[in-house]
Protein chains: 2
Amino acid sequence: MESYEKRLRDFLLRGDKIFLPHISIDCVTFGFHDNQLKVLLLKWKDSGPWCLPGGFVKRDESLDDSAKRVLNERTGLENIYLRQFQAFGDPDRMRSKQSFDLIGAATSWVMDRFVTVGYWALVEFSKVTPRPDWLSEDCKWFDIHRVPKLIYDHNSIIIKALEALRISLNDHPVGYNLLPEKFTMPDLQKLYETILDTSLDRRNFQKKMLALDVLERLSERKTGGAHKAPFLYRFDKKKYERAVKQGIKTGF
Amino acid sequence: MESYEKRLRDFLLRGDKIFLPHISIDCVTFGFHDNQLKVLLLKWKDSGPWCLPGGFVKRDESLDDSAKRVLNERTGLENIYLRQFQAFGDPDRMRSKQSFDLIGAATSWVMDRFVTVGYWALVEFSKVTPRPDWLSEDCKWFDIHRVPKLIYDHNSIIIKALEALRISLNDHPVGYNLLPEKFTMPDLQKLYETILDTSLDRRNFQKKMLALDVLERLSERKTGGAHKAPFLYRFDKKKYERAVKQGIKTGF
DNA sequence: GTATCATTGTGTTGCTACTACACATTGTAT
DNA sequence: ATACAATGTGTAGTAGCAACACAATGATAC
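Now for a description of the structure that goes with this document. What you are looking at is a predicted structure, and each value in this text was computed from that prediction instead of being measured.

### Here we look at the pattern of salt bridges
Turning to step 1, where the next piece is worked out: Applying the stated criterion to the full structure yields 28 salt bridges over all chains.
Turning to step 2, where the next piece is worked out: Residues Glu73(B) and Arg69(B) are paired through a salt bridge, measuring 3.9 Å at the closest nitrogen-oxygen approach. With Glu73(B) and Arg69(B) both in helix α2 (residues 63-75) and four residues apart, the pair spans about one turn of that helix.
Turning to step 3, where the next piece is worked out: Here Arg234(B) ties to Glu181(B) by a salt bridge, and the two come within 3.8 Å at their closest N and O atoms. Placement of the pair is Arg234(B) in strand β10 (residues 231-235) and Glu181(B) in the loop between α3 (154-169) and β8 (183-184), with a sequence separation of 53 residues.
Turning to step 4, where the next piece is worked out: Judged by relative accessible area, Arg234(B) falls into the partly exposed class, the value being 27%.
Turning to step 5, where the next piece is worked out: The exposed category is assigned to Glu181(B), whose relative accessible area is 53%.
Turning to step 6, where the next piece is worked out: Counted as one network, the salt bridges with shared partners bring together Glu61(A), Arg69(A), Glu73(A), Arg74(A) and Asp133(A).

This is how it looks when you write it as structure tokens:
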């Protein structure tokens, strides 16, 4: 097993044989837990601020595939629902550059200007075990309202990703990748309210969701709460995927 | 004035000192003429198929600025309304590579893989004088329904741009950059019908457009037609820009 | 055991926006 | 003058949504 220093040095000096220079991808990964919207963040070794999990594009790999690869490495999940939403290419977006105190780092391909392609993803919080990569010392969830100052323009990338997610609520159902298999209508409503950062009328929300024709009501109810037991629902996968593909016409 | 060959050779061999390698932008420029939606296309010298006007990103230039620069060079227009809509990065999207029969071309930076960022733009047809650049022999408008087979994945980029334009009709008014200053309601309707490729009810369309509160009806009417003279309208620039910025809620 | 109470299930009403039409008006061509 | 084709304006019916009311229920407090 080669040492971290050797591996880093090789990456800085010769990574551009494997990866395309000047192009990166960054993933804004949303999860839902404790009625809060979470974002997965990463912290590089020997560097201060947190950042979005991201990576480079292999020379024979598509943008979508590199985003999937990055997310799979950070979460362990396969078949993640993700969507490209914007490319970020301001020439000074990396003004606050990292400094790798190693020979060759200053002239490395990673220190040059990068255009990054932003993706957002929805994952089921409970199924994720955040894991840092060899370059990072930590990887964990942050409440969307408590994201610290990140490197580069990553804070504004998160803001844009959230806008894109909210817009997509208008033509795509959400929840399949964000909630456990069985959930209650209040659970689903809280998810929407958290993403949209508003409150919604309970009764109208239920009608709208049922009208989407993607939910299946189970005979079970969720017990253990302090009040009337709500029905459990689950997504009808076929109908859900049809709705995601075709798009639906609703509006929040 | 240096010769074309010398200039091309210098571009192929040393262009990557000025431009970022592996990243390009492509512009899908829409115009409206004779009740048809037009797209501006370009033909390189010594090469068969047509392509989208595009270009490379200068090392100190933003993506948006490079798109604006490219469009300004092809159309002569300033302040073009354009929007980034998607990055295209399949590793084999440039499978049908051009061959420049020049020394050094085969190993030039332009022959390597590129990720391109797609922009769509709306311009006023009558104000545009399409002009080829030094690399091209022709630049002209094509009917959207008569676009020939283009290089690379440029046909699918146009399709995606048109989809993005249609979606944007649902939250942004269209016409300011696509119609002459004064126009009739039937003109505006034909524009929408052409973009959406459907027919719309004349009376409902008028009501919807007036409800947007971006139009100003002039006292003049358009004469010369074979029938009843329709009113002329123009956009109220302030209200129009507010509507573009805020977004409107309509649906087609 | 029983009362309490927050929460859930299921309506109803009223408004707005959109769709589908009808009819009168007008400028040119015959 | 008349015909015609296109324009200006209005109306009825409908679907969808927002606002709201009331009964049912399951744990908790006593």
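Now, onward.
### Quick notes on the side chain of Asp26(B)
All names here are of chain B.
Turning to step 1, where the next piece is worked out: By secondary structure assignment, the location of Asp26 is in strand β1 (residues 19-33).
Turning to step 2, where the next piece is worked out: No salt bridge is formed by the buried Asp26, whose closest oppositely charged neighbour, Arg93, lies at an N-O distance of 4.2 Å.
Turning to step 3, where the next piece is worked out: Engagement of the side chain of Asp26 in a polar contact is seen with the side chain of Thr116, the distance being 2.7 Å.
Turning to step 4, where the next piece is worked out: If near-sequence neighbours (up to four positions away) are discounted, Asp26 is found in contact with Leu52, Pro53, Gly54, Arg93, Thr116, Val117, Gly118, Tyr119 and His154.

### Some details on the packing of α3(B) against helix α4 (residues 185-196) of chain B
All names here are of chain B.
Turning to step 1, where the next piece is worked out: Where α3 meets α4, the closest approach of the two axes is 10 Å, and the angle between their N-to-C directions is 135 degrees. The angle between the axes of α3 and α4 places the two elements in the oblique class. Every pair of crossing elements has a handedness; the one defined by α3 and α4 is left-handed. Residues Leu162, Leu165, Arg166 and Leu169 of α3 touch α4, and the partners they reach there are Tyr192, Ile195 and Leu196.
Turning to step 2, where the next piece is worked out: Split by residue class, the contact of α3 with α4 holds six nonpolar, no polar and one charged.

### Some details on the environment of Phe56(B)
Residues and elements named next belong to chain B.
Turning to step 1, where the next piece is worked out: Mapped onto the secondary structure, Phe56 falls in strand β4 (residues 54-58).
Turning to step 2, where the next piece is worked out: Sequence separation between Phe56 and Gly175 is 119 residues, and the spatial gap between their C-alpha atoms is 29 Å.
Turning to step 3, where the next piece is worked out: Phe56 has contacts with Phe11, Phe19, Ile23, Ser24, Glu61, Ser66, Arg69, Trp109, Val110 and Phe114, leaving out every residue within four places of it along the chain.

### Some remarks on the interface of chain A and chain B
Turning to step 1, where the next piece is worked out: Contact with chain A, which involves 22 residues of that partner, is made by 22 residues of chain B.
Turning to step 2, where the next piece is worked out: Between chain A and chain B, the buried area comes to about 1600 Å², and carbon and sulfur atoms account for 60% of it.
Turning to step 3, where the next piece is worked out: When the shortest N-O distance is used, the salt bridge between Asp112(A) and Arg59(B) registers 3.4 Å.
Turning to step 4, where the next piece is worked out: At the boundary of chain A and chain B, one finds eight residue pairs in polar contact (both at pLDDT 80 or more).
Turning to step 5, where the next piece is worked out: Those elements giving two or more residues to the side of chain A that touches chain B turn out to be β1 (19-33), β4 (54-58), β5 (81-88) and β6 (115-122) of chain A.
Turning to step 6, where the next piece is worked out: Looking at the side of chain A that touches chain B, its residues break down into 10 nonpolar, five polar and seven charged.

### Quick look at the packing of aromatic side chains
Turning to step 1, where the next piece is worked out: Applying the stated criterion across every chain yields a total of 38 aromatic pairs over all chains.
Turning to step 2, where the next piece is worked out: Between Phe125(A) and Trp141(A), the aromatic rings sit 5.1 Å apart at their centres with planes inclined by 35 degrees, giving tilted as the arrangement. You can see Phe125(A) sitting in the loop between β6 and β7 (136-143) and its partner Trp141(A) sitting in strand β7, a full 16 residues away along the chain.
Turning to step 3, where the next piece is worked out: Ring centres of Phe11(B) and Trp109(B) lie 5.6 Å apart, and the angle between their planes is 70 degrees; on these two criteria the pair is classed as edge-to-face. Here Phe11(B) is found in helix α1 (residues 4-14), whereas its partner Trp109(B) is found in the loop between β5 (81-88) and β6 (115-122), with 98 residues between them in sequence. Of the two residues, Phe11(B) and Trp109(B), both sit in the buried class.
Turning to step 4, where the next piece is worked out: Between Arg217(A) and the ring centre of Phe231(A), over which it is positioned, the NZ or CZ distance is 3.6 Å.

Rules used in this analysis
- Residues numbered from 1 in each chain as written.
- Chains lettered and ligands numbered in written order.
- Predicted model: local features only at pLDDT ≥ 70, side-chain atom pairs only at ≥ 80, totals over all residues.
- Heavy atoms only, no water.
- Salt bridge = Lys/Arg side-chain N within 4 Å of Asp/Glu carboxyl O.
- Helix = DSSP H or I, 4+ residues; strand = E, 2+ residues; numbered from the N terminus.
- Buried < 20%, exposed > 50% of the residue type's maximum accessible area, 1.4 Å probe, protein only.
- Lys, Arg positive; Asp, Glu negative; His and termini not counted.
- Polar contact = N/O pair within 3.5 Å; in protein donor to acceptor, adjacent residues only side chain to side chain.
- Contact = heavy atoms within 4.5 Å.
- Axes fitted to C-alpha atoms, helices over the stretch in contact; angles between N-to-C directions.
- Parallel < 35°, antiparallel > 145°, perpendicular 65-115°, else oblique.
- Left-handed = near helix turned anticlockwise from the far one by under 90°.
- Nonpolar A, V, L, I, M, F, W, Y, C, P; charged D, E, K, R; others polar.
- Buried area = accessible area lost by both parts, 1.4 Å probe.
- Phe/Tyr/Trp six-rings, centres within 6.5 Å; stacked < 30°, edge-to-face > 60°.
- Lys NZ or Arg CZ within 6 Å of the ring centre and 35° of its normal.

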